[in-house]
Amino acid sequence: RAAAGTIEDRYQALRLLDGIRRSYGREARYHRDIARIYVDAQQPSRAIRCLEEVVRIEPDDVESRVEIGRLILRDLLYHYELRSTGRMVTWLRSALDRDPGNRDALFLTSLAMEMATGLPDASPDLSVQGKAYADSILARDPSDTAARLLLAIHELNLGEVESARATFGAALRTGPLELRDVYYSMKWTASEKALDRAENIEIEKKDVFQQAYWLYQDPTPLSRINENQLEIWKRLALAEFLFGQPDKGVRGWDVPAGEAYVRYGPPRAHDFDPGTIKGQGAWELV
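Here goes a summary of the coordinates provided. (Residues numbered from 1 in each chain as written. Predicted model: local features only at pLDDT ≥ 70, side-chain atom pairs only at ≥ 80, totals over all residues. Heavy atoms only, no water.)

Concerning the overall build of the protein
Let me state the cut-off plainly: Helix numbers and strand numbers start at the N terminus; a helix is a DSSP run of H or I with at least 4 residues, a strand a run of E with at least 2. Only protein chains enter the area calculation, which uses a 1.4 Å probe; residues under 20% of their type maximum are buried, those over 50% are exposed, and those in between are partly exposed. The contact criterion used throughout is that any non-hydrogen atoms of two residues lie within 4.5 Å.
Along the backbone of the protein there are 15 helices and 2 strands. Counting every position in the protein, which comprises 286 residues, the buried fraction comes to 44%. Taking contacts inside the protein between residues at least 6 apart in sequence as the whole, the part at least 24 apart equals 51%.

Details of the pattern of salt bridges
Selection rule: By definition here, a salt bridge exists when the distance from a side-chain nitrogen of Lys or Arg to a carboxyl oxygen of Asp or Glu is within 4 Å.
Using the criterion set out here, one finds 17 salt bridges in the structure. Ionic pairing is found between R32 and E58, a salt bridge with its closest N-O pair at 2.7 Å. One end of the pair, R32, is in helix α3 (residues 28-40); the other, E58, is in the loop between α4 (44-57) and α5 (62-79), with 26 residues separating them in the sequence. R32 sits in the partly exposed class, given a relative accessible area of 23%. A salt bridge links D121 to R83; its shortest N-O distance comes to 3.6 Å. Here D121 is found in the loop between α7 (103-116) and α8 (125-140), whereas its partner R83 is found in the loop between α5 and α6 (84-98), with 38 residues between them in sequence. Of the residues examined, D121 reaches a relative accessible area of 53% and is grouped as exposed. Overlapping salt bridges, with partners in common, bring together E67, R70, R103, D104 and D144 in one network.

Some words on the layout of surface pockets
What counts here: Here the term cavity refers to a set of points on a 1 Å grid, laid over the protein atoms alone, in which a 1.4 Å probe fits but cannot get out; the term pocket refers to an open set having protein on both sides within 12 Å along at least five of seven lines, with lining residues being those that place an atom within 4 Å of a point. Grid points are joined across faces, edges and corners, and a volume is the space filled by probe spheres set on the points. We call Asp, Glu, Lys and Arg charged. Ala, Val, Leu, Ile, Met, Phe, Trp, Tyr, Cys and Pro are nonpolar, and the rest, Gly among them, are polar.
There is about 1300 Å³ of room inside the largest pocket. If you go around the largest pocket, you meet 41 residues; those closest to its centre are R70, R74, G244, Q245 and P246. Of all elements in the fold, only α3, α5, α7, α9 (145-157), α11 (177-184) and α14 (227-243) reach the threshold of two or more residues within the lining of the largest pocket. The element that contributes the greatest number of residues to the lining of the largest pocket is α5, accounting for 8 residues. A per-class count over the lining of the largest pocket returns 22 nonpolar, 5 polar and 14 charged.

Things to note about the side chain of D144
Going by this rule: Contacts described as polar in this section are N or O atom pairs within 3.5 Å, which, within protein, must combine one atom able to donate a hydrogen with one able to accept it, while residues neighboring in sequence count only if both atoms come from side chains.
Along the chain, the position of D144 falls in the loop between α8 and α9. Only 3.4 Å separates the side chain of D144 from the backbone nitrogen of A146, close enough to count as a polar contact. Apart from residues lying up to four places away in sequence, D144 is in contact with R103, I137 and L138.

Quick word on the packing of α4 against α5
To keep things clear, this is the line we draw: A fitted line through C-alpha atoms serves as each axis, taken over the contacting stretch for helices, and the angle formed by two N-to-C directions is quoted from 0 to 180°. For classification, angles of less than 35 degrees are called roughly parallel, those exceeding 145 degrees roughly antiparallel, those between 65 and 115 degrees roughly perpendicular, and all remaining angles oblique. In this scheme, a crossing is called left-handed if the near helix is turned counterclockwise away from the far one by less than a right angle; it is called right-handed if the turn is clockwise.
Relative orientation of the contacting elements α4 and α5 amounts to 160°, with a least axis distance of 9 Å. Judged by the angle between their axes, α4 and α5 are roughly antiparallel. Pair α4 / α5 crosses with left-handed handedness. Contacts between α4 and α5 involve P44, S45, A47, I48, L51, E52, V54 and V55 on the former and, on the latter, S64, R65, E67, I68, L71, I72, R74, D75 and Y78. Among the residues forming the contact of α4 with α5, the class breakdown is 10 nonpolar, 2 polar and 5 charged.

A word on α3
Filter applied, for reference: To estimate how far a helix should extend, the number of its residues minus one is multiplied by 1.5 Å.
Along its 13 residues, α3 runs 19 Å from first to last C-alpha, staying within 8% of the 18 Å computed at 1.5 Å per residue. Taken together, the buried positions of α3 are occupied by A28, Y30, H31, D33, I34, A35, I37, Y38 and V39. Just beyond α3, the residue with positive phi is Q42, at close to 60°.

A word on the packing of aromatic side chains
Here is the rule we go by: Stacked, edge-to-face and tilted labels apply to pairs of Phe, Tyr and Trp rings (six-membered ring for Trp) whose centres lie within 6.5 Å, assigned for plane angles under 30 degrees, over 60, and everything in between, in that order. We call a charge positioned over a ring when the NZ of a Lys or the CZ of an Arg lies within 6 Å of the ring centre and within 35 degrees of the ring normal.
All told, the structure shown has 6 aromatic pairs when counted by the stated rule. Grouping aromatic residues by their ring pairs yields a cluster made of F168, Y183, Y184, W233 and W253. Above the plane of the ring of F107 lies R103, whose end atom (NZ or CZ) is 4.5 Å from the centre.

As for the nonpolar core
Keep this limit in mind: As used here, the term nonpolar core means buried Ala, Val, Leu, Ile, Met, Phe, Trp, Tyr and Cys residues forming a set that is joined through side-chain atoms within 4.5 Å.
Counting 71 residues, the largest nonpolar core has L111, M115, L149, Y183, L236, F241 and W253 as the members making the most contacts within it. Excluding its chain neighbours within four sequence positions, the residues that come into contact with L236 are V182, Y183, W188, W253 and V262. Among the nonpolar cores identified, the runner-up in size contains 7 residues, and A190, I201, F209 and Y213 belong to it.

A few points about unusual backbone geometry
Residues other than glycine seldom take positive phi values, yet Q42 does so here, at roughly 60°. Along the chain, Q42 falls in the loop between α3 and α4.

Description of the packing of α14 against helix α15 (residues 256-264)
At a closest axis distance of 8 Å, the pairing of α14 and α15 adopts a crossing angle of 160°. With respect to each other, α14 and α15 are oriented roughly antiparallel. As for how α14 packs across α15, the hand of that crossing is right-handed. The segment α14 lies against α15, with I232, R235, L236, L238, A239, L242 and F243 engaging A257, G258, Y261, V262, R263 and Y264. Looking at the contact of α14 with α15 residue by residue, the class counts come to 10 nonpolar, 1 polar and 2 charged.

Here's what the structure looks like:
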């Protein structure tokens, strides 16, 4: 197999695979290999078509169905076309029909339903169903921090603010220390002046300073719930789910798209201009 370290290597691998299509084009492994190359080349829509061929050849292939759902999500994020969540859920449910306990299928279905709540005609039932999928994961593995954070998001969407606060708190108490540091950090909303002041405070007093900051940011200081902090927690969780790459050690809030999501929330609209081709094959944006 050709190396896949550069885009040129990937295209060379695709050319080699195309040369043996006549001999192996009816084998699922052949289409899986092409799909992997397209994933590495950041072409999810082409990878999806290859995996659809895998499923046609092997209808009971659960992992390919789950991967199609994951790739639809990646493709969706390019243009933020939330109606693609319907197609995503269809593929994931077909995986759950064959493997009802598949954790990734349950999680991605729950996540797709959360994203679909952003549609203008979204039904409140989406969060009810999404919550049930997250609960199903936790029933099997109560230590699943990501599922607990997703459950908290659905509770928040449903107006179950007290429950959401408790569920977020449980996830942060049982999750890694890094998670608590990020979620309680004031850097997502604080001014540069406040951040500079926090930077110069003795390390043992920083937690107290951040707590005071969040109290100041609380729109309802007489209640036990800080709505602004819960919104930031929701965005942090979604940034990780949408933009993180756990297998590469990349946290969603550390990449530009994820950081923007945390600071400003989901996009309200998306404009895409692919440009036009002029001259001797040169690309020029107009």
